[in-house]
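Letter by letter, the chains look like this.
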Amino acid sequence: MSSSSTSSTCASLGVGDPTCLSDDLLMDILVRLPLRSLIRCNSVCRSWRRLISDGGGYLQTRLPLIASAIFYRCGVAEIDDKPRYACTTSGGALECNSLCFFPFHWESAIVDCSNGLILCRSSLGSTLHVANPTTRRWIELPKPRRRSQLSILAFDPCHSAEYRVVSFTGWLAQGAKMEVFASHRRSWVEHQVQWGLPSDAMSTTIRYFDGVLYILAYPDQVVGIDLTTMACRKIELPEATKQEGRVGRSSGRLCYSHRDGDQLKIWVLGDPNGGDHSKAGATC
């Protein structure tokens, strides 16, 4: 890489010569970058590449988890019934992380989780918190203006280092009232969305990635809400939605799956050759 391209990358991060920064300071900058930007920074210079590709996992332990993670309870009730968090390590094994760093974990319920972050609601005053078990940090959210009927945590580190909390506060005939908390502005903003389907057709199967909140809808559609523009679009599924159907992602694309007898059917959104993206293409 040329020195001019290196200087340009450094300038975008608000720094000059990358070699003048200590490892700790440089690490504090790198862990705040989206994953795509972090990968590009791997080519800036040798010192940056050394930190990002560190075999000891120094950077990896400070990044938001984007690997598979589960939340569970274990033990006999009232003896060891505290919530636990487990994630996959680089070696593929499950590693249990305690939530004891979060001082309200005993009095809080886990409302939602998204790519390594968890959304908790305290039983005292219904206060919302967002916690990161990897970095062992947490933040208390300001109270929304209206009472939430459904709260969703939206975080996709491949899209942005910021996260959002979506609070559905009321239902319209074919839409919803909502408040959205964005981490970069630390405040709630009220919105109304119209998804063009009866609200009772919307399920609670929801998936967020790449800036869009996807909601499974009956009888055979997925509704996408762009959380930047609040525009909605409908995606037609090739078969009727089933109760056990789920929306997910694979290789950066939206997927829908359900079980049909002894078969697992999976559909992937769009045409990889640039065709119509309004329908899901079937793969089994």
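Residues numbered from 1 in each chain as written. Predicted model: local features only at pLDDT ≥ 70, side-chain atom pairs only at ≥ 80, totals over all residues. Heavy atoms only, no water.

Focus: the overall build of the chain
Next, step 1: The number of helices and strands found in the chain is 4 helices and 19 strands.
Next, step 2: Counting all 284 residues of the chain, 40% fall into the buried class.
Next, step 3: Total accessible area computed for the chain in this model is approximately 15,400 Å², and 50% of it derives from carbon and sulfur atoms. (Helix = DSSP H or I, 4+ residues; strand = E, 2+ residues; numbered from the N terminus. Buried < 20%, exposed > 50% of the residue type's maximum accessible area, 1.4 Å probe, protein only. Areas by Shrake-Rupley, 256 points an atom, 1.4 Å probe, with all protein chains shown as cover.)

Details of the pairing of strand 18 (residues 263–269)
Next, step 1: In this sheet, strand 18 lies alongside strand 17 (residues 253–260) in antiparallel orientation, the contact comprising 6 bridges. When the sheet's bridge partners are listed, R259 is paired in strand 18 with L264.
Next, step 2: As consecutive antiparallel partners, strand 17 and strand 18 are separated by 2 residues, and within that stretch G261 has a phi angle of approximately 65 degrees, a positive value. (Pairing = 2+ DSSP bridges.)

As for the nonpolar core
Next, step 1: Membership of the largest hydrophobic core comes to 19 residues, with the highest contact counts inside it found for V166, F168, W195, L213, I225 and L227.
Next, step 2: Of all the secondary-structure elements, those providing two or more residues to this core are strand 8 (150–155), strand 9 (163–172), strand 10 (175–182), strand 12 (202–209), strand 13 (212–217) and strand 14 (221–226).
Next, step 3: Each residue touching L213, except ones within four places of it in the same chain, is listed here: I152, V166, F168, I206, R207, Y208, V223, G224, I225 and L227.
Next, step 4: By size, the runner-up hydrophobic cluster in this structure holds 12 residues, among which are F209, V212, I235 and L237. (Core = buried A, V, L, I, M, F, W, Y, C linked by side-chain atoms within 4.5 Å. Contact = heavy atoms within 4.5 Å.)

Considering the confidence of the model for the chain
Next, step 1: Per-residue confidence for the chain gives a mean pLDDT of 74, with 66% of residues at or over 70.
Next, step 2: Across the chain, element-level confidence peaks in strand 10 with a mean pLDDT of 95 and bottoms out in helix 1 (residues 3–12) with 40.
Next, step 3: Confidence drops under pLDDT 50 across residues 1–16; counting only partners more than four residues distant or on other chains, this segment forms 18 contacts.
Next, step 4: Here residues 272–284 is modelled with pLDDT under 50, and outside its nearest four sequence neighbours on either side it reaches 32 contacts, counting other chains as well. (pLDDT = per-residue confidence, 0-100.)

Here's the deal with the sheet that holds strand 7 (residues 137–140)
Next, step 1: Pairing within the open sheet is antiparallel, and its 4 strands lie in the order 4-5-6-7. What marks the edges here is a single partner per strand, and that holds for strand 4 (108–114) and strand 7. Going from strand to strand, the sheet's axes swing by 25 degrees on average, the running direction of each strand aside.
Next, step 2: In this structure, strand 4 lies alongside strand 5 (residues 117–122), joined through 6 bridges in antiparallel fashion. When the sheet's bridge partners are listed, D112 is paired in strand 5 with L119. (Axes fitted to C-alpha atoms, helices over the stretch in contact; angles between N-to-C directions.)

What about the packing of aromatic side chains?
Next, step 1: A full pass over the atoms with the stated rule returns 9 aromatic pairs.
Next, step 2: By the ring-pair criterion, three or more aromatic residues cluster together here, those being F102, F104 and W138. (Phe/Tyr/Trp six-rings, centres within 6.5 Å; stacked < 30°, edge-to-face > 60°.)

Overview of the sheet that holds strand 14
Next, step 1: The strand order across the open sheet built from 4 strands is 12-13-14-15, with neighbouring strands paired in antiparallel fashion. The open sheet is flanked by strand 12 and strand 15 (232–236), the only strands paired with a single partner. The mean angle between the axes of side-by-side strands here comes to 25 degrees, regardless of whether they run parallel or antiparallel.
Next, step 2: Direction of pairing for strand 12 relative to strand 13: antiparallel, over a ladder of 5 bridges. If you follow F209 over to strand 13, its bridge partner there is V212.

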